[in-house]
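Structural description and commentary
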Amino acid sequence: DSKPSASAQNSMAKVQIPASIPFEGSDLPMWTYGQLEQLGRAQLKQRALNLRDVVGADRLPPMQTSASLETTIMWIISVQVALMASGGTPCEPVDFGLPSGFGQQEVSYFGGKNSNQAPAGMDLPDSNGNPELVSAYSEAQRGAEAAKQRNRGQ
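Notes on the structure in this doc start here. (Residues numbered from 1 in each chain as written. Predicted model: local features only at pLDDT ≥ 70, side-chain atom pairs only at ≥ 80, totals over all residues. Heavy atoms only, no water.)

**A look at helix H2 (residues 41–55)**
Note the following rule: Here a helix means four or more residues in a row that DSSP labels H or I, a strand means two or more in a row labelled E, and each is numbered from the N terminus. Every helix has an expected span of 1.5 Å times one less than the residues it contains.
Compared with the 21 Å implied by 1.5 Å per residue over 15 residues, the 21 Å span of H2 between its first and last C-alpha is a close match. Of the residues one or two after H2, Gly-56 is the one with positive phi, at around 110°.

What follows is the structure in structure tokens.
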């Protein structure tokens, strides 16, 4: 897949996202929102499963294999944000082209709670003292929890 044109990228992006990043001996492709939204359900699910398998399910927020396309896109981008931060490049979902407010319409429509608050009882991975990794992981967890609440109609 090729990167979307500059005009297709969200104008709020602050960080240049590489095509791939090294991760524990593997070269992980970084997918933009524009690339992910063009995929069918099976292809998108396979991208998420590949990412989970390389990074390790025990190191990531839970992934719902039957989730909506939006939820799967949010999960992939949240994981990529965490991976970029753990590699020393802090970024935000908007840097991957995720439109601001993506997925939030349903939350507000159904009276969802504030998705900026981390759910109680959330365990962080061993960060080896890296505060950026903890922050990125927390962000990914909040995104996953917001997606869960949205899927439950909360």
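**Brief notes about the packing of H2 against helix H3 (residues 69–86)**
What counts, and what does not: Think of each axis as a best-fit line through the C-alpha atoms, taken over the contacting stretch in the case of a helix, with angles from 0 to 180 degrees between the N-to-C directions. The cut-offs work like this: below 35 degrees is roughly parallel, past 145 is roughly antiparallel, 65 to 115 is roughly perpendicular, and the gaps in between are oblique. Crossings are assigned a handedness: left-handed for a near helix turned anticlockwise from the far helix by less than a right angle, right-handed for a clockwise turn. In this description, contact between two residues means that some pair of their heavy atoms is separated by no more than 4.5 Å.
Two elements in contact, H2 and H3, have axes separated by 10 Å at closest approach and are oriented at 30°. In this view, H2 runs roughly parallel relative to H3, as classed from their interaxial angle. Helix-helix and strand crossings are classified by hand; for H2 and H3 the assignment is left-handed. On H3, the residues that touch Arg-41, Leu-44, Arg-47, Ala-48, Leu-51, Arg-52 and Val-55 of H2 are Leu-69, Thr-72, Ile-73, Trp-75, Ile-76, Val-79 and Leu-83.

**Topic: the environment of Gln-16**
Rules: To sort residues, take the accessible area from a 1.4 Å probe on protein chains only and compare it with the maximum for the residue type: under 20% means buried, over 50% means exposed, and anything in between is partly exposed.
With respect to the helices, strands and loops of the structure, Gln-16 is situated in the segment before strand E1 (20–23). Since its relative accessible area comes to 67%, Gln-16 is described here as exposed.

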